[in-house]
Amino acid sequence: MTSLPLLTVLWALPMVGAAVVLVLPAAARGVAKWAALAVSLAVLAVAVVVAVEFDPAGEQYQFVENYRWIPSFGTGYILGIDGIALALVVLTAVLLPLLIIAGWNDARDQLSWGGRSVHIYLALTLAVEGMVLISLVSLDILLFYVFFEAMLIPMYFLIGGFGGQDRSRAAVKFLLYNLVGGLIMLAAVVGLYVATATSDAFDAGTFDFRAIVAAVAGGEFVLNPAVMHLLFGGFMFAFAVKAPLWPLHRWLPDSAVEATPASAVLMMAIMDKVGTFGMIRYCLPLFPDSAQWFGPAIITLAVIGIIYGAVVAIGQTDVMRLIAYTSISHFGFIILGIFVMTTQGQSGSTLYMVNHGISTAALFLIAGFLVSRRGSRLISAYGGVQKVAPVLAGTFLVAGLATLSLPGLAPFISEFLVLIGTFTRYPVLAVLAAGALVLSAVYILWMCQRMMTGPVAAGLADGDRRFGDLVPRELVVVVPLIALLLVLGIYPKPALDVINPAVTHTLTTIDRTDPAPRTAEGPR
């Protein structure tokens, strides 16, 4: 294993790249674009090196870096990566170059920032990537919290500075919801530090995640149940807003619709995964008893979110808003898999984070290409697209079928694992969640029928040069996403081989085992 600080390089590259892009001359817009793309590809290369050198059978946390930061506060610069974090790191690194290419022409000079809108847009995108990556590899709770909150700032400007007419209101809504969640989490982070400072298990207060989890698992760090429930609630609330979990989802549809398609995917497919990642990384190992106590309530909310997102999606007339509501349903599946606390459920949930990121990126970006041609998000403005843009229509259908978890495409495996893991412990809720699959077929197939088939809508005729098929730049974005959906749908083993050991370690840490198989005579 290399001695280079790969995890530091991983997150520092996009942050330094953002600064470099910002200082480029205002007239060098083309240079700024290519520089940002080069930085994102360099990050991808580092992520590939980490993935290749990661040993699934080795230590739980690998490539560990541990340096003193603020000793008086018991906090350090501690980085490390396990299989769950690795899956999301690779997802982030793979999607960023594609998002930069997809948003190649998204930045305009509408902000009147001295002609530097392109530079600012790209720098903000790279900054979000860097902050997401350090959040995923942080093993210090305070370090995680700092960047968990800091990533809201560049995302706020991406939504409010670039996008639709109502972008300012959507950006403020996004920021307020997430800031409230973050402030509540801050109180819990401080409370946890005070609890460690007054415990005999530690010499002084600490934010070292590994030390606290080890003390909890060993029974050395025991909290009053009421205090533990409050601390768990503080962490969980912030993650539930970020994810988002029904009924804390209200900011997501507006933000996704008003942001540019590439920024919306950056938010839904990458940044919001930090919320579900936080649930499995922090909520379960730090507060195992509270996680079990609140588990049934959280699972119930997740199932409501699954059904709610699907039902509301059916009634949408805006194609982008429809896709945004499908993500609320999918996040429900991810959270469901985490809190059923079974091997299949959590492995499926982690794989779902990856697959949802790919499928949502594919569907939302293709829809964005469609809207950029027509200039309208209304489903009724389209019809017969397959006759004038067959490649666009075909890839849109494949991405839609992936969203409804068609067998053979990536989301099917993860959703199937989540439902199996849920059924072993909560069969009724598993059946209710499975019912949403029928609803997903309704909203996806009905949308494809109205937009892609039938007579060609006015303005989409073959002679209209404004509306054509996917161009090479767009194909560069779409083809890798479709390929990943197919490969992970047919052969998910490489991803699961990395994820499963980390999930097993998490369940062992919180002392949860899979339910015994049932037969006609009862449990074996």
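Residues numbered from 1 in each chain as written. Predicted model: local features only at pLDDT ≥ 70, side-chain atom pairs only at ≥ 80, totals over all residues. Heavy atoms only, no water.

1. Here we look at the UniProt feature "domain: NADH:quinone oxidoreductase/Mrp antiporter transmembrane" (unreviewed entry) in the protein
Okay, step 1: Mapped onto the present numbering, the UniProt feature "domain: NADH:quinone oxidoreductase/Mrp antiporter transmembrane" (unreviewed entry) falls at residues 138-435.
Okay, step 2: In residues 138-435, the share of helix is 78% and the share of strand is 0%. The end C-alpha atoms are 38 Å apart. (UniProt positions renumbered as here; feature names shortened; annotations may be inferred. Helix = DSSP H or I, 4+ residues; strand = E, 2+ residues; numbered from the N terminus.)

2. Some details on the packing of helix α1 (residues 6-23) against helix α4 (residues 117-137)
Okay, step 1: Relative to each other, α1 and α4 sit at 165°, their axes nearing to 8 Å. Between α1 and α4, the interaxial angle falls into the category roughly antiparallel. α1 and α4 meet at a crossing whose hand is left-handed. Contacts between α1 and α4 pair Leu-7, Leu-10, Trp-11, Pro-14, Met-15, Gly-17, Ala-18, Val-21 and Leu-22 from the former with His-119, Ile-120, Leu-122, Ala-123, Leu-126, Ala-127, Glu-129, Gly-130, Met-131, Leu-133, Ile-134 and Val-137 from the latter.
Okay, step 2: Tallied by class, residues from the contact of α1 with α4 come to 17 nonpolar, three polar and one charged. (Axes fitted to C-alpha atoms, helices over the stretch in contact; angles between N-to-C directions. Parallel < 35°, antiparallel > 145°, perpendicular 65-115°, else oblique. Left-handed = near helix turned anticlockwise from the far one by under 90°. Contact = heavy atoms within 4.5 Å. Nonpolar A, V, L, I, M, F, W, Y, C, P; charged D, E, K, R; others polar.)

3. Quick word on the environment of Val-20
Okay, step 1: Mapping Val-20 onto the fold places it in helix α1.
Okay, step 2: Residues Val-20 and Leu-445 lie 425 residues apart in sequence; the distance between their C-alpha atoms is 45 Å.

4. Thoughts on the pattern of salt bridges
Okay, step 1: With the rule as written, the count across this model stands at eight salt bridges.
Okay, step 2: Between Glu-474 and Arg-373 there is a salt bridge, and its shortest N-O distance comes to 2.7 Å. You can see Glu-474 sitting in helix α20 (residues 472-490) and its partner Arg-373 sitting in helix α15 (residues 343-374), a full 101 residues away along the chain. Each member of the pair, Glu-474 as well as Arg-373, carries the same accessibility label: buried. (Salt bridge = Lys/Arg side-chain N within 4 Å of Asp/Glu carboxyl O. Buried < 20%, exposed > 50% of the residue type's maximum accessible area, 1.4 Å probe, protein only.)

5. A short note on helix α11 (residues 261-271)
What sets the pattern is the α-helix's 3.6 residues per turn: residues three or four places apart point alike.
Okay, step 1: Counting buried positions over the eleven residues of α11 gives ten, a clear majority of the element.
Okay, step 2: Turning to α11, its buried residues are Ala-262, Ser-263, Ala-264, Val-265, Leu-266, Met-267, Met-268, Ala-269, Ile-270 and Met-271.

6. Overview of the pairing of strand β1 (residues 62-70)
Okay, step 1: With six bridges joining them, β1 and strand β2 (residues 75-81) adopt antiparallel strand pairing. Across the sheet, the residue bridging to Asn-66 is Ile-78, located in β2.
Okay, step 2: Hairpin connection, β1 to β2: the antiparallel pair is bridged by four residues, and Gly-74 has positive phi, about 70°. (Pairing = 2+ DSSP bridges.)

7. Comments concerning empty space enclosed by the protein
Okay, step 1: Scanning the model with the defined rule gives two cavities of 30 Å³ or more in all.
Okay, step 2: Secondary-structure elements contributing two or more residues to the lining of the largest cavity are α14 (319-339) and α19 (427-452).
Okay, step 3: Here the element with the most residues in the lining of the largest cavity is α19; it accounts for four residues.
Okay, step 4: The residue inventory of the lining of the largest cavity, partitioned by class, reads five nonpolar, five polar and one charged. (1 Å grid on protein atoms, 1.4 Å probe; cavity = no way out; pocket = protein on both sides within 12 Å on 5 of 7 lines; lining within 4 Å. Points joined across faces, edges and corners; volume = space filled by probe spheres on them.)

8. Some details on the pairing of β2
Where a strand is regular, its side chains alternate between the two sheet faces.
Okay, step 1: Within β2, seven of the seven residues are buried, which leaves the element mostly enclosed by the surrounding structure.
Okay, step 2: Here β2 shows a buried face lined by Thr-75, Tyr-77, Leu-79 and Ile-81 and a second buried face lined by Gly-76, Ile-78 and Gly-80.

9. With respect to helix α10 (residues 251-258)
Okay, step 1: With eight of its eight residues buried, α10 lies for the most part within the structure.
Okay, step 2: Contact partners of the buried residues in α10: α6 (152-161), α7 (167-197), α9 (225-242), α11, α14 and α15.

10. A short note on the nonpolar core
Okay, step 1: Counting residues in each nonpolar core, the largest one holds 204 residues, and the members touching the most others are Phe-235 and Phe-339.
Okay, step 2: Non-local contacts of Phe-339, meaning those with residues more than four positions away in its chain, are made with Phe-232, Met-236, Met-279, Leu-284, Ala-291, Gly-295, Ile-298 and Ile-299. (Core = buried A, V, L, I, M, F, W, Y, C linked by side-chain atoms within 4.5 Å.)

11. Some remarks on the layout of surface pockets
Okay, step 1: Empty space within the largest pocket amounts to approximately 750 Å³.
Okay, step 2: What lines the largest pocket is a set of 30 residues, and nearest its centre among them are Asp-106, Pro-261, Gly-368, Val-371 and Ser-372.
Okay, step 3: Put simply, the parts of the chain that give the lining of the largest pocket at least two residues each are α10, α11, α15 and α20.
Okay, step 4: Among the residues making up the lining of the largest pocket, the classes are represented as eleven nonpolar, ten polar and nine charged.
Okay, step 5: Along the wall of the second largest pocket there are 20 residues; nearest its centre are Ala-87, Val-90, Val-354, Leu-488 and Ala-495.
Okay, step 6: Of all the elements in the fold, those that place two or more residues in the lining of the second largest pocket are α2 (29-53), α3 (83-102), α15, α20 and α21 (493-509).
Okay, step 7: The leading source of residues in the lining of the second largest pocket is α3, at six residues.
Okay, step 8: The residue makeup of the lining of the second largest pocket, split by class, is 20 nonpolar, no polar and no charged.

12. A few points about the environment of Tyr-61
Okay, step 1: Structurally, Tyr-61 is set in the loop between α2 and β1.
Okay, step 2: A relative accessible area of 15% means that Tyr-61 is categorised as buried.
Okay, step 3: As a C-alpha pair, Tyr-61 and Arg-210 span 149 residues in sequence and 9.5 Å in three-dimensional space.
Okay, step 4: Discounting residues that sit within four places of it in the chain, Tyr-61 has contacts with Ile-81, Asp-82, Leu-139, Phe-209, Arg-210 and Arg-281.
Okay, step 5: Polar contacts involving the side chain of Tyr-61 include one to the side chain of Gln-60, which spans 3.4 Å. (Polar contact = N/O pair within 3.5 Å; in protein donor to acceptor, adjacent residues only side chain to side chain.)

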